[in-house]
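Summary of the model geometry
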Amino acid sequence: MATPVGPFVLAVTEAGLVASGWGSRARLADRLGLAEVHDSDRTASVVAELNAYFAGDLKEFETPVDWRLMSGTRLQVLQALHKVPYGTAVTYGELARLSGSTVPARGIGSIMGSNPIPIVVPCHRVIAAGNGLGGFSGGEGVETKRWLLTHEGYLQPTLLDL
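The following paragraphs examine the structure supplied in this document.

Calculation criteria
- Residues numbered from 1 in each chain as written.
- Predicted model: local features only at pLDDT ≥ 70, side-chain atom pairs only at ≥ 80, totals over all residues.
- Heavy atoms only, no water.
- Buried < 20%, exposed > 50% of the residue type's maximum accessible area, 1.4 Å probe, protein only.
- Helix = DSSP H or I, 4+ residues; strand = E, 2+ residues; numbered from the N terminus.
- Arc of directions from axis to C-beta.
- Contact = heavy atoms within 4.5 Å.
- Expected span 1.5 Å × (residues − 1).
- Salt bridge = Lys/Arg side-chain N within 4 Å of Asp/Glu carboxyl O.

Turning our attention to helix α3 (residues 72-81). Those residues of α3 lying buried are V77, L78, A80 and L81. Buried residues along α3 cover an arc of 155° about the axis, so they all sit on one side. Of the surrounding elements, those touching the buried residues of α3 are α4 (92-99), α5 (105-113) and β4 (126-127).

Here's what the structure looks like:
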């Protein structure tokens, strides 16, 4: 689907959204190891929610998440991240504490970089301590993260955004 932050691909199973992100459908299908089936009925609700999010009309996703690609500490951290509210941000260290894990901030960064469901599981809401944005591996990198945080009202727009 087309979004303000570039083309976004989605994979939805019978249980929910299992993967999303920037890149090709083929790359996503390879990562999942599942047969690709085009089913607009299955994807319609997440597409509608993402369109509403980008229009500024949705602040909390109701799309079910299929967590099958994650386990252990990674699952624990990403499920805690899924609860970080729209318009807010946490540091890598704060997310480690929220998840109850003992993973250091650098390890949390690695988990964010491998998040299979960006935007819905909002890795863009994780920032570096000291007000730095930290990294972002989706879209156009940190500029995409900056756009998403500005869109949500966490960051104030700059002259470049006006």
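The terminal C-alpha atoms of helix α2 (residues 40-54), which comprises 15 residues, lie 20 Å apart, in line with the 21 Å expected from a rise of 1.5 Å per residue. The set of residues buried in α2 consists of V46, E49, L50, Y53 and F54. Residues of α2 that are buried make contact with β1 (9-12), β2 (17-21) and α6 (142-151). At the exit of α2 stands G56, carrying a positive phi of roughly 85°.

The next subject is the pattern of salt bridges. Two side chains bearing opposite charge may form a pair once their charged atoms approach each other closely. For the coordinates displayed, the defined rule picks out four salt bridges. Note that D66 and R68 form a salt bridge whose closest N and O atoms lie 2.8 Å from each other. Overall, the relative accessible area of 44% leaves R68 in the partly exposed class. Salt-bridge contacts for E143 lead to R146; the nearest nitrogen and oxygen are separated by 3.4 Å. Of this pair, E143 and R146 both sit in helix α6, three residues apart, which is roughly one turn of the helix. With relative accessibility at 30%, the residue R146 sits in the partly exposed group. Within this structure, E14, D66 and R68 form a network of salt bridges that share partners.

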